[in-house]
Amino acid sequence: MNKEASGSSDQLYAEKLATVRDFTFNEAVTKVFNDMVRRSVPGYEAVVELIGVIAAAHSRSLKRPIHCVDLGCSRGAVTQSLLNQLPNPSTRIVAIDNSDAMIQAARKEITDKRVTFVTEDILQSDFKNADVVVMNLVLQFIDQYDRSKMLKKIRRGLRDDGLLILTEKIHADTEFVEYHHSFKRSRGYSELEITQKRDALEKVMVIDSLETHQTRLNNAGFSQVTVWFQLLNWISLIARP
C-alpha cells in the first residue's frame, strides 16, 4: 500500500486549539485515520486481521461462500481483511459508512469487485441473509437510544446460523485508563494531543460496560455472546442467535 493510500500521520491535535470541536469523521480525519486508530486502539491490527480469520473459519463451517456486511467500514481495513481471508470468487461484502470521505478513500484502496461500498447511515441500512456482520469500533458512536434498535436490525438481517463481531471500548477502572494513556504516549502522542482528543470525543463516543453490551445483545435476540479478545479496556465480542 502506498503512502497516499495508507494516509498521513495524525497531527490533528498536535497544536493547541482555541476551541476543541466535537469529533467527526470528516475529510481531515479520513486522511489520518489509519495512523490515528493504530496509535489509539491497543490491538487494533490484531483484531482487524482476526476478524477475517474468524469469518473464514465460519465460511468453512458452513461449507459455502458467505455474505458479509461491514457496518461503519471507514477506510476499509476490515473489508480488506475479509477479502484476504475469503478468496472464493462468490464471496460478497457490503461495506457501509455514513462518511462520504471514508467511502471515497476505501474505494481508492479496494477495487475488488466482490465488494459493494455504500454511503449511508447504518441505522437506515437494509440487508438480509448476512452470514457475518461486523461492527468494529462503531456502536460507541451511535446514540445510546438507538443502539438496541441497531442490534435488533442486525439480528433481523442475519441468518440463524450467522454471527456478529462487535468491537468496542468499554468502561474500565482508573488503572486501565492510565495504561491506555501510556499506550498512546508510547505511540508518540503528547499530553496535549491526548487531552484535546479526549475532549473532542467526550460527547461523541459514549462507551458502555461489558455487562451492558451483553444484556443489550441478549435482548436483541443473540443467545450466545463470547468475549474473544480483550486488551485493556478494548474488547471484541462474537454474538450468535
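One can find the structure itself at the top, above this paragraph.
Here the structure is a predicted model, which is why all the values come from computation and not from measurement.

Draft legend 1. Highlighting the pattern of salt bridges. Within this structure, the stated rule accounts for 13 salt bridges. With its nearest N and O atoms 3.0 Å apart, the salt bridge here joins Asp112 to Arg114. For Arg114, a relative accessible area of 11% gives the class buried. Two residues, Asp199 and Arg198, come together in a salt bridge whose shortest N-O distance is 3.4 Å. On the basis of relative accessibility, which here comes to 32%, the residue Asp199 falls in the partly exposed class.

Draft legend 2. Region of the structure containing unusual backbone geometry. One non-glycine residue with positive phi stands out, namely Asn129, at about 55°. Tracing the sequence through the fold places Asn129 in the loop between β3 (115-119) and β4 (130-136). Given a relative accessible area of 42%, Asn129 falls into the partly exposed group. In this model, Leu232 sits at a positive phi of 50°, which is unusual for a non-glycine residue.

About the thresholds
- Residues numbered from 1 in each chain as written.
- Predicted model: local features only at pLDDT ≥ 70, side-chain atom pairs only at ≥ 80, totals over all residues.
- Heavy atoms only, no water.
- Salt bridge = Lys/Arg side-chain N within 4 Å of Asp/Glu carboxyl O.
- Buried < 20%, exposed > 50% of the residue type's maximum accessible area, 1.4 Å probe, protein only.
- Helix = DSSP H or I, 4+ residues; strand = E, 2+ residues; numbered from the N terminus.

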